[in-house]
Amino acid sequence: NPKTFYFSSWLQESYLGFCSDFGPVNLAAVVRFCRFLRDKLVDPRLANRPLVYYCDANTAFLTNTAFLLGAYLVLVEKWAPDLAAQPFERIQ
């Protein structure tokens, strides 16, 4: 759909791992992501367009993306953590 706005960022890839772990990303990246996403959601040029955030299918990036989106829902939208986790429960 040409009206849909697809976007991504590098923040889910910003974790500097210790040994072989992959996240979650640090608190500064969480804050940057929340601001980045909020800016997209309040941008008047995008007001009437569906927004789709995407990431690479890499397990580490997908996990960190789910964490960042959940953090946004909890910290900015004030969702309860269990409700914020529900949209991601089917991801395997």
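Residues numbered from 1 in each chain as written. Predicted model: local features only at pLDDT ≥ 70, side-chain atom pairs only at ≥ 80, totals over all residues. Heavy atoms only, no water.

Trainee: Which residues make up the confidence of the model for the protein chain, and what values do they have?
Mentor: The pLDDT averaged across the protein chain works out to 87; a share of 85% of its residues lies at or above 70. Per-element confidence in the protein chain is highest for helix α3 (residues 81-85), whose mean pLDDT is 96, and lowest for helix α2 (residues 59-75), whose mean pLDDT is 91. (pLDDT = per-residue confidence, 0-100. Helix = DSSP H or I, 4+ residues; strand = E, 2+ residues; numbered from the N terminus.)

Trainee: Which residues make up the pattern of salt bridges, and what are the values?
Mentor: Here the structure, examined in full by the defined rule, presents two salt bridges. Taking the shortest distance from any N to any O, the salt bridge between D39 and R38 comes out at 3.5 Å. With relative accessibility at 37%, the residue R38 sits in the partly exposed group. Note that D43 and R45 form a salt bridge whose closest N and O atoms lie 2.6 Å from each other. Assessed through its relative accessible area of 13%, D43 is described here as buried. (Salt bridge = Lys/Arg side-chain N within 4 Å of Asp/Glu carboxyl O. Buried < 20%, exposed > 50% of the residue type's maximum accessible area, 1.4 Å probe, protein only.)

Trainee: Tell me about the side chain of S9, and please be specific about residues and values.
Mentor: Note on placement: S9 falls in the loop between β1 (5-7) and α1 (27-42). One polar contact links S9 to Y53, side chain to side chain, over a distance of 2.9 Å. Beyond its immediate chain neighbours, meaning those up to four positions away, S9 contacts F33, F36 and Y53. (Polar contact = N/O pair within 3.5 Å; in protein donor to acceptor, adjacent residues only side chain to side chain. Contact = heavy atoms within 4.5 Å.)

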